[in-house]
Amino acid sequence: MLSEERRVEQQSALTQPAAGRLAAPDVRDEFGLETIDMSMGPQHPAMHGLLRLILELDGETVVRCDPVMGYLHRCQEKIAENRMYPAVIPLTDRLDYFANMHNEHGYVLAVEDQLDVEIPPRAEYIRVLMCELMRLASHIPSIGFLMLELGAFTPILYAFRERERIQTIFEAVTGARMMFHYIRIGGVKADLPPDIPQQIWDYIEGLEARFQSDFVDLIQDNEIFISRTRGVGKMTGEKALEMGLTGPPLRCTGVDFDIRRDYPYSIYPELEFDVITDTAGDVEASYRVRIAECLQSIRLIKQCLEKMPEGAVMGDLGRRLRPKEGDGFGRVESPRGEFAVHIVSDGSDTPYRVHYRDPSFCNMQLLQEVVPGHYLPDIMPIMGLIDPVSGGWDK
Amino acid sequence: MQTVLNLLEAEPIRLFLSFGVILFLVLNLAAILTMAERKASAYIQLRYGPNRVGPRGLLQPAADVFKLFTKENVTPGRADLWVFLGAPIAMFIPAALVWMVVPFSPDAVVADLNVGILFFVAITSIGALGVVMAGYGSRSTFSLLGALRGAAQIISYEVPLILSLLGVIMLTGSLSLVDVVNAQGDAFWTWYFLPQLPMFLTFYIAGLAEVKRVPFDLPEGESEIVGGFMVEYSGMTWALIQAAEFASMGLMSAVSVTLFLGGWQPPLPFLDLGPFNWVWFGLKTSLIMFTFQWIRWSLPRLRMDQLMDLGWKVLVPITLVWLFVTAGAMLIIPGN
């Protein structure tokens with residue numbers, strides 16, 4: 001990914017104090033003007049957690065942008081090797097903390113790949129219901145974050161009002177607001193409380209009514225929003241595929257790819273939904289994709305609630321959980337893209353190896369490729385296009 | 001007693017005393033505006049805002065000031081100390097000084113300068129110096145970028161700001177703000193904002209840029225350069241910068257009211273309050289300040305190149321065209 005020279009440079013950026021580096025740069029253009037090196041983050045309000053960008057600036061134009069990750073590394077994969085299979089689920093909650101349900105779902109799918117267990121249909125419906133609520137609770141704030149990074153403070157508070165209500169539903173169902181530990185191997189932890197389907201239904205109806213005014217009318221036709229996002233972070237579909245992007249950043253370039261439809265899992269084949277694509281491939285397109293996906297999620301949630309069968313929510317697993325020897329693989333469409341889990345089982349009750357493919361990490365490729373040539377303030381909407389989560393890129 | 005009063009009315013002493021009063025009022029205005037800003041943003045964002053200190057949270061500014069006074073003033077190790085500490089003062093003094101020529105009511109104006117408008121233009125440009133001093137003195141990359149943006153923005157927007165004033169000057173035939181207010185008459189349809197509507201809007205937009213408010217808060221740009229020129233300030237120096245920003249925001253509202261919305265003139269003739277006409281001035285200024293805050297909490301921020309485009313390619317042509325329209329109208333319509 002990086003040339004050897006770059007790598008040495010990046011190493012020195014990590015070890016040397018900023019003062020020494022600022023005095024040193026010797027890159028001059030035809031007017032004898034130097035570029036400035038700037039370290040943005042890891043403590044920076046717009047860096048979505050702990051990300052450091054080493055920037056080389058020519059005036060306000062970015063010449064080079066190297067993301068430095070690892071400030072939130074918690075050895076998630078190594079810890080998982082020392083835990084029994086069910087005890088890894090709470091760890092997955094801590095990965096991408098805006099898509100906890102999807103992390104659990106991905107991991108559980110990977111383990112069930114190596115188990116002979118039948119998941120009761122009600123459990124599948126509850127899983128999908130929760131995942132789609134989670135997608136709403138992630139997409140809506142991400143629109144708010146995009147606006148926050150453009151300098152508008154108000155939409156984020158409207159967004160968090162919605163997220164708060166969804167979290168209240170999660171709290172009633174799972175007992176926790178963020179770290180759910182709800183989707184279990186073989187099913188889900190507990191059935192929905194009796195009044196919850198009605199509550200979800202009421203909330204979704206209300207959200208549909210508010211959605212247009214609070215998140216579309218306030219933002220979409222705003223001249224400043226359009227001028228800040230249209231054409232910013234522009235990339236083609238081939239480029240996006242080359243970089244290995246998934247999720248909204250890929251779909252906004254026109255590539256029609258969604259794990260839920262192309263590699264169907266759970267009960268998605270039985271539900272009706274559209275895969276949203278846009279052709280522009282810029283920040284504005286990613287915003288439109290997210291807005292439209294929210295409406296698709298609402299559609300999916302309604303179908304789940306209507307079709308939900310009665311019955312048990314936990315399959316028969318036996319006393320000790322020992323997946324058969326070999327590789328287990330699970331992939332889900334998280335709000336940020338493809339979240340995949342690879343498990344190597346040696347037949348014991350702890351995994352031999354767990355690997356997470358997190359979309360926040362993979363989509364971060366985009367920064368190095370797309371940012372150079374843009375202005376410094378354009379980095380923020382491009383971050384909003386990726387919408388990475390710190391817990392996701394540092395595992 | 002009479003001698004004391006005479007002494008107080010002697011010219012240099014009266015000026016100094018009035019400036020003291022103005023300084024006091026401006027500092028209070030800044031404190032009240034922080035509170036208003038927080039309350040306004042809270043209501044826009046479906047929150048309560050500060051509501052703990054004093055009745056309905058009204059003593060919050062006092063608590064804020066106390067906190068900032070007792071806070072340690074951190075100076076960066078590499079800072080150019082005199083420039084760094086001088087910057088907040090260089091920003092605050094001009095913002096307070098221009099209030100001297102603003103007529104509050106028929107009799108209440110500290111100095112009726114015959115070049116009041118020029119004084120306003122000249123003194124507000126000094127604010128750019130403070131921004132550059134702050135950015136340069138802090139010796140930080142973020143501050144430097146903020147200062148460069150601030151300097152470019154303030155100096156560029158001086159041009160449409162000054163051009164938009166020319167129409168009013170032509171109509172009045174005087175540079176004194178008192179004359180401008182007197183010429184506008186005591187009914188809202190005779191105020192200058194109607195014949196000079198494009199100029200008024202240009203002045204308003206350029207004024208927003210001049211006081212570095214959203215959508216033109218690029219020198220601060222908290223999501224990219226985290227506070228820009230003021231990123232290294234803390235404690236009282238930071239408070240002084242904030243006070244300067246709020247004072248200049250109030251000033252810009254007051255001047256736009258004076259020039260285009262009739263100053264202290266009542267909106268309808270029978271609403272004339274005589275010596276209490278400052279109420280009208282206060283109401284109109286508050287209205288403009290509220291729109292500043294409304295915009296602040298609704299809109300995203302422009303980018304530097306777009307800001308320059310707006311200034312040079314939109315605002316300047318509009319003002320120039322309307323300048324000729326005004327001149328033509330004055331030639332054609334007699335007695336104007």
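Read on for an overview of the structure. As the structure is a prediction and not an experimental result, all values here were calculated from the model.

### Section: the interface of chain A and chain B
Part 1: Counting residues at the interface gives 25 residues for chain A, matched by 23 residues for chain B.
Part 2: For the side of chain A that touches chain B, the secondary structure elements donating two or more residues are strand 1 (36-40), helix 6 (121-149), helix 7 (154-174), helix 9 (223-229) and helix 16 (379-386) of chain A.
Part 3: The leading source of residues in the side of chain A that touches chain B is helix 9 of chain A, at four residues.
Part 4: Grouping the amino acids of the side of chain A that touches chain B by side-chain chemistry returns 17 nonpolar, four polar and four charged.

### Observations concerning the sheet that holds strand 6 (residues 326-334) of chain A
Across a sheet, strands are paired by hydrogen bonds formed along the backbone, either parallel or antiparallel in direction.
Residue and element names in this part refer to chain A.
Part 1: Read from one edge to the other, the open sheet built from three strands follows the order 6-7-8, with strand pairing classed as antiparallel. In this open sheet, the two edge strands, each paired with only one partner strand, are strand 6 and strand 8 (353-357). The average undirected angle you get between the axes of adjacent strands in this sheet is 10°.
Part 2: Pairing of strand 7 (residues 337-345) with strand 8 involves five bridges; the strand directions are antiparallel. Looking at strand 8, one finds that Val341 is bridged to Tyr356.
Part 3: The strands touched by helix 5 (residues 100-112) are strand 6 and strand 7; relative to strand 6, the strand with the most contacts, the crossing angle is about 155°.

### Considerations on the sheet that holds strand 2 (residues 52-58) of chain A
Residue and element names in this part refer to chain A.
Part 1: With antiparallel pairing, the three strands of this open sheet are ordered in space as 1-2-3. Each edge of the sheet is formed by a strand with only one pairing partner; in this case those strands are strand 1 and strand 3 (61-68). For this sheet the average axis-to-axis angle between neighbouring strands, irrespective of direction, equals 20°.
Part 2: One ladder, built from five bridges, connects strand 1 with strand 2; its direction is antiparallel. Along strand 2, the bridge assignment pairs Asp37 with Glu56.

### Quick word on the pairing of strand 7 of chain A
Side-chain positions along a regular strand alternate between the two faces of the sheet.
All names here are of chain A.
Part 1: Of all nine residues that make up strand 7, seven are buried, and the element is covered over most of its length.
Part 2: Relative to strand 7, strand 6 runs antiparallel, the two being bridged by nine bridges. Residue pairing for strand 7: Gly330 is matched across the bridge by Val341.
Part 3: Connecting the antiparallel pair strand 6 and strand 7 is a turn made up of two residues.

Criteria and thresholds
Residues numbered from 1 in each chain as written. Chains lettered and ligands numbered in written order. Predicted model: local features only at pLDDT ≥ 70, side-chain atom pairs only at ≥ 80, totals over all residues. Contact = placed C-beta atoms within 7 Å. Helix = DSSP H or I, 4+ residues; strand = E, 2+ residues; numbered from the N terminus. Nonpolar A, V, L, I, M, F, W, Y, C, P; charged D, E, K, R; others polar. Pairing = 2+ DSSP bridges. Axes fitted to C-alpha atoms, helices over the stretch in contact; angles between N-to-C directions. Buried ≥ 20, exposed ≤ 12 C-beta atoms within 10 Å, placed from the backbone.

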